[in-house]
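Report on the structure
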Amino acid sequence: MTDPLLSVRGLTRHYAVRSGILKRKTGAVRAVDGVSFDLQRGETLAVVGESGCGKSTLAETVIGLDEPTTGEVIFDGDSLADGVDKAFRRRVQMVFQDPFSTLNERMTVGRIVAEPLVIHDEREGDRAAYVRDLLETVGLDPERHYDAFPHELSGGQRQRVGIARALALDPDLLVLDEPVSALDVSVRAGILELLRELQAERGLTYLLISHDVSVVRQLADRVAVMYLGEFVELGDLGTVLDDPAHPYTEALLSSVPRVRAEPEPDERIHLPGSPPDPADPPEGCRFHPRCHLRERLDDEAADRCVAADPELVERESGGEPRSAAADGRTVACHFRPDE
Ligand code: ADP
Ligand code: MG
């Protein structure tokens, strides 16, 4: 295997909680709390989990918009701790849920897509022609759309503009934060298909952030399941989604209608309550207060869930850490995979 394009090592991002009239620091929101993974060139890793589990914070830290509290992000061999340089800003781009929440609605599509080129002083001679080509690449009509304003476009067309802008500097890595969550279901398939085509044609690497398992299923090669700032399971798409090991992954999947068959009613696992406060996460395994597996354990076993936060490692039956690799899947549960 070649060196990964992106390596994330022990990443944490804590936000200070301040209270009282003196705004003293009284605690910390542990938005991302010890995440490690590698991203190989040309692959798509999806990070999936409930709202508030830290996905966007992870994305922003990876692209250098936010600084880690501890840990390290390494892009193509260079640590971001040494500062984000111009090459990094060119090679790593972000696609947001709503591409225009941060953009000037009074700019034309042509200017919006050209802006990164202007900032980086690139393609001065043939910028307009290049932007027109890009619009065509993302399925827009340069004749109609180059001079259009964002408000004249549909949601799907606006996201195509967001993608064209992200491609303008010919990046290697796209971080896609909920790229189709704001779109009608009927429009989603077209955008996901476009992302697949672009990846195949340009050898792009994707870090896909989504709360939606069906989107992940359509785009990802590997999946990381995130809960309260931590990865609880990480492995190949089929391994994790068709044969989940972590009880949280099971619960997350049981709330999603399957593509092939509806689960039997007694197969459904419901997640009691909402996620705990990331400023005051539960002791031990953070999922234990909501875990259906723990309810079936005897008292002595159930105590382990409170006593220690399980590491994300490869495990054999009984949840014991394993020495030799099997399916490459890592799980953070004392009792999974099952005997
Ligand atoms: P997700 O994208 O998975 O919905 P986020 O990364 O947006 O999750 O948020 C993770 C947690 O961090 C949430 O509890 C959120 O309220 C908190 N958070 C995010 N950004 C900030 C910030 N700038 N200051 C304080 N807390 C934040
Ligand atoms: Mg988010």
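For the structure given in this document, a descriptive report is provided here. All values reported here derive from a predicted model rather than from experimental measurement.

**Quick look at the pairing of strand β8 (residues 205-210)**
Burial runs high along β8: 6 of the 6 residues are buried. Here β8 shows a buried face lined by Thr 205, Leu 207 and Ile 209 and a second buried face lined by Tyr 206, Leu 208 and Ser 210. Sheet topology places strand β3 (residues 44-48) next to β8; 5 bridges connect them, and they run parallel. The residue of β8 that forms the bridge with Val 48 is Ser 210. Alignment of strand β7 (residues 173-177) against β8, held across 5 bridges, turns out to be parallel. Across the sheet, residue Leu 173 finds its bridge partner in β8, namely Thr 205. Taking the sense of rotation as the criterion, the β-α-β connection linking β7, helix α7 (residues 185-202) and β8 turns out right-handed.

**A word on the pattern of salt bridges**
Under the counting rule described, the total for this entry stands at 23 salt bridges. Linking Arg 91 and Asp 172 is a salt bridge whose minimum nitrogen-to-oxygen distance equals 2.4 Å. Taken together, the residues Arg 91 in helix α2 (residues 86-91) and Asp 172 in the loop between α6 (155-167) and β7 connect sequence positions 81 residues apart. Assessed through its relative accessible area of 26%, Asp 172 is described here as partly exposed. Across the salt bridge formed by Arg 329 and Asp 243, the nearest N and O atoms sit 3.5 Å from each other. Note that Arg 329 is positioned in the loop between α11 (299-307) and β11 (330-331) and Asp 243 in the loop between α9 (237-242) and α10 (247-254), a separation of 86 residues in sequence. A residue is classified by how much of its surface remains accessible, and Arg 329, at 7% relative accessible area, is buried. Here the salt bridges do not stand alone but share partners, grouping Arg 30, Asp 33, Glu 230 and Arg 286 into one network.

**A few points about the site of ligand 1**
Residues in contact with ligand 1, as listed here, are Tyr 15, Val 29, Ala 31, Glu 50, Ser 51, Gly 52, Cys 53, Gly 54, Lys 55, Ser 56, Thr 57 and Pro 278. In the environment of ligand 1, an oxygen atom lies 3.2 Å from a nitrogen or oxygen atom belonging to the backbone of Cys 53. Thr 57 places a side-chain nitrogen or oxygen 2.6 Å from an oxygen atom of ligand 1. For ligand 1, whose unbound accessible area comes to 560 Å², protein coverage reaches 60%. Of all the secondary-structure elements, those providing two or more residues to the shell around ligand 1 are β2 (24-39) and α1 (55-62). The dominant element in the shell around ligand 1, judged by the number of residues it contributes, is α1, at 3 residues. Taken together, the residues of the shell around ligand 1 sort by class into 5 nonpolar, 5 polar and 2 charged.

**Here we look at the packing of α6 against α7**
Remark: α6 packs on α7, axes separated minimally by 10 Å, with the N-to-C direction vectors making an angle of 20°. The angle between α6 and α7 places the two elements in the roughly parallel class. Remark: the crossing between α6 and α7 carries right-handed chirality. Of the residues in α7, those touching α6 at Gly 156, Gln 159, Arg 160, Ile 163 and Leu 167 are Val 187, Gly 190, Ile 191, Leu 194, Leu 195, Leu 198 and Arg 202. In terms of residue class, the contact of α6 with α7 is made up of 7 nonpolar, 3 polar and 2 charged.

**A closer look at the packing of aromatic side chains**
Tallied over the entire structure, the rule returns 5 aromatic pairs. Ring centres of Phe 75 and Phe 88 lie 5.3 Å apart, and the angle between their planes is 85°; on these two criteria the pair is classed as edge-to-face. Of this pair, Phe 75 sits in strand β4 (residues 70-75) while Phe 88 sits in helix α2, placing them 13 residues apart in sequence. Each ring, one from Tyr 227 and one from Phe 287, has its centre 5.2 Å from the other, and the planes form 85°; the classification is edge-to-face.

**Points about the environment of Gln 218**
Relative to the assigned elements, Gln 218 resides in helix α8 (residues 213-219). Taking the C-alpha atoms as reference, Gln 218 lies 26 Å from Arg 336; in sequence the two are 118 residues apart. Apart from the residues within four sequence positions on either side, Gln 218 is in contact with Leu 192 and Arg 196.

**Concerning the environment of Cys 285**
If you trace the backbone, Cys 285 turns up in the loop between α10 and α11. Sequence spacing of Cys 285 and Leu 80 is 205 residues, and the spatial spacing of their C-alpha atoms is 30 Å.

**Let's talk about α10**
α10 sits mainly inside the fold: 8 of its 8 residues count as buried. Taken together, the buried positions of α10 are Pro 247, Tyr 248, Thr 249, Glu 250, Ala 251, Leu 252, Leu 253 and Ser 254. In this fold, the buried residues of α10 make contact with β3, α8, β9 (222-227), β10 (230-236) and α9.

**Concerning the sheet that holds β11**
Ordered by their spatial adjacency, 7 strands build an open sheet running β6-β7-β8-β3-β9-β10-β11, and the pairing between neighbours is mixed. Edge positions in the sheet fall to β6 (92-95) and β11, since each has one partner strand and no second. Bridging between β9 and β10 involves 6 bridges; their strand directions are antiparallel. Residue pairing in the sheet places Met 226 in a bridge with Phe 231 of β10. Together, β3, β6, β7, β8, β9 and β10 form the strand contacts of α1, whose direction differs from that of β8 by roughly 150°.

Calculation notes
Numbers given to residues run from 1 along each chain, matching the order in which its sequence is written. Written order determines the labels here, with chains lettered from A and ligands numbered from 1. Local features in this predicted model are restricted to residues whose pLDDT is 70 or higher, and side-chain atom pairs enter the listing and the counts only when it is 80 or higher, whereas totals over whole chains, interfaces and linings include all residues. With hydrogens and water stripped out, all remaining heavy atoms of the structure feed into the side-chain values. Relative accessibility under 20% of the residue-type maximum defines a buried residue, over 50% an exposed one, and the middle range a partly exposed one, all with a 1.4 Å probe and only protein chains included. Each helix corresponds to a stretch of at least 4 residues labelled H or I by DSSP, and each strand to a stretch of at least 2 residues labelled E; elements are numbered beginning at the N terminus. Between any two strands, pairing holds if DSSP finds at least two bridges. Orienting the strands away from the viewer, one traces the path from the first strand over the helix to the second; a clockwise path indicates a right-handed crossover. Salt bridges are defined as contacts in which a side-chain nitrogen from Lys or Arg sits within 4 Å of a carboxyl oxygen from Asp or Glu. Any residue with at least one heavy atom within 4 Å of a molecule or strand is counted as near it. Residues adjacent in sequence count toward polar contacts only when both atoms are side-chain atoms; beyond that, a polar contact is any pair of N or O atoms within 3.5 Å, and within protein one must be able to donate a hydrogen and the other to accept it. The method behind every accessible area is Shrake-Rupley, applied with a 1.4 Å probe, and residues are considered shielded solely by the protein chains displayed. Residues were grouped as follows: Ala, Val, Leu, Ile, Met, Phe, Trp, Tyr, Cys and Pro as nonpolar; Asp, Glu, Lys and Arg as charged; and all remaining residues, including Gly, as polar. An axis is simply a line fitted to the C-alpha atoms; with a helix, the fit covers only the stretch in contact. Between two such axes, the angle follows the N-to-C directions and lies from 0 to 180 degrees. Throughout this description, any angle smaller than 35 degrees is read as roughly parallel, any larger than 145 degrees as roughly antiparallel, any in the 65 to 115 degree range as roughly perpendicular, and the remainder as oblique. Crossing handedness follows the turn of the near helix against the far one: under a right angle anticlockwise gives a left-handed crossing, and clockwise gives a right-handed one. Contacts between residues were defined by any pair of non-hydrogen atoms, one from each residue, lying within 4.5 Å. Aromatic rings from Phe, Tyr and Trp, taking only the six-membered ring of Trp, are treated as a pair when their centres fall within 6.5 Å; an angle between ring planes under 30 degrees marks them as stacked, one over 60 as edge-to-face, and anything in between as tilted.

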